[in-house]
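# An overview of the molecular structure
Next come the chains, spelled out residue by residue.
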Amino acid sequence: LAVGLTLEGIRFRLRPVVADDASFILRLRNDPQNARFLPPLTGTLEDQRNWIQKQHQLVGDYYFVVEDLRTGDPVGLTGLYAHAPDSDGGVIEWGRFVVADKSLAAPETSLLSHRYAFEILKVREVFGYSIEQNEKVIGFHRSCGLDDRGLGSTTYKIGDQVHRSLCFALKRDQWPEFEAKLTRTAQQISQILGRKQ
Ligand SMILES: CC(C)(COP(=O)(O)OP(=O)(O)OC[C@H]1O[C@@H](n2cnc3c(N)ncnc32)[C@H](O)[C@@H]1OP(=O)(O)O)[C@@H](O)C(=O)NCCC(=O)NCCS
């Protein structure tokens with residue numbers, strides 16, 4: 001079974017998705033601002049609940065709600081999947097990454113997703129794809145320090161348009177530096193959010 005562990009950070013945590021998250025997932029993914037560069041979720045609430053039940057049976061597939069530790073509110077989603085284990089931990093894909101606007105959860109979500117992959121699953125590499133026109137996420141990954149591997153082999157069909165993708169990745173030996181940098185960012189964000197309340 002692929003249901004993962006809960007991983008707490010500084011202000012946010014990752015906790016495995018459950019069927020009752022279906023309405024939050026549909027709402028967040030189908031928000032027009034978020035849906036532009038994500039494969040659309042067209043089904044009903046019941047379809048989404050069924051998808052989550054099926055996801056729980058998948059091997060090497062981990063799907064999380066990002067929760068605000070202070071308020072308990074769900075603010076985002078992230079996933080690790082298609083784990084291809086080998087004698088050295090294998091590689092895993094990171095995606096299903098979306099956070100609510102103004103949540104400031106993106107840096108810590110990236111940090112916790114990579115921590116889960118490198119420290120819990122002990123993979124040797126994490127990789128992912130972003131649609132070429134998704135400048136926001138591409139700028140975000142670059143600023144966090146992911147390696148830009150150029151055009152990926154994966155394409156995405158959204159509406160009637162087929163989009164090319166860029167591949168981003170992080171190797172195990174790059175994780176400590178990435179972790180240190182994003183931990184500093186997560187601390188700064190935690191202070192900013194703390195001051196606002
Ligand atoms: C991709 C996505 C998760 C990125 O999240 P984001 O919030 O847009 O990321 P940002 O680069 O704006 O960074 C998050 C915030 O942290 C802030 N931040 C970053 N480093 C900081 C630091 N050191 N100190 C303080 N704040 C910092 C940024 O200023 C930003 O705040 P703002 O939103 O008020 O400008 C989000 O845009 C999203 O969900 N998009 C839709 C779905 C999608 O395209 N997913 C990707 C599929 S591959």
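Just above sits the structure.
Residues numbered from 1 in each chain as written. Predicted model: local features only at pLDDT ≥ 70, side-chain atom pairs only at ≥ 80, totals over all residues. Heavy atoms only, no water.

## Description of the overall build of the protein
Along its length, the protein carries 6 helices and 10 strands. Taken over C-alpha atoms, the radius of gyration comes to 16 Å for the protein, in line with the 16 Å a tight globule of 197 residues would show. Across the protein, the fraction of contacts at a sequence separation of at least 24, relative to all contacts at a separation of at least 6, is 65%. Total accessible area computed for the protein in this model is approximately 10,100 Å², and 51% of it derives from carbon and sulfur atoms. Side chains of the protein carry 25 positive and 25 negative charges; the gap between the two charge centres is 3 Å. (Helix = DSSP H or I, 4+ residues; strand = E, 2+ residues; numbered from the N terminus. Rg over C-alpha atoms; globule rule 2.2 N^0.38 Å. Contact = heavy atoms within 4.5 Å. Areas by Shrake-Rupley, 256 points an atom, 1.4 Å probe, with all protein chains shown as cover. Lys, Arg positive; Asp, Glu negative; His and termini not counted. Charge placed at Lys NZ, Arg CZ, Asp CG, Glu CD.)

## Observations concerning the pairing of strand β4 (residues 74-84)
When you tally the buried positions in β4, you get 8 out of 11 residues, the bulk of the element. Of the pairings in the sheet, the one linking strand β3 (residues 62-68) to β4 comprises 6 bridges and is antiparallel in character. Opposite Phe 64, over in β4, you have Thr 78 as the bridge partner. If you look at the hairpin formed by β3 and β4, you'll find 5 residues sitting between the two strands, and Gly 72 has a positive phi there, around 80°. Here β4 pairs with strand β5 (residues 91-99) via 6 bridges, running antiparallel. The partner of Gly 79 across the bridge, within β5, is Gly 95. Hairpin remark: β4 followed by β5, antiparallel, with 6 residues in the connecting loop; positive phi at Gly 89, about 95°. (Buried < 20%, exposed > 50% of the residue type's maximum accessible area, 1.4 Å probe, protein only. Pairing = 2+ DSSP bridges.)

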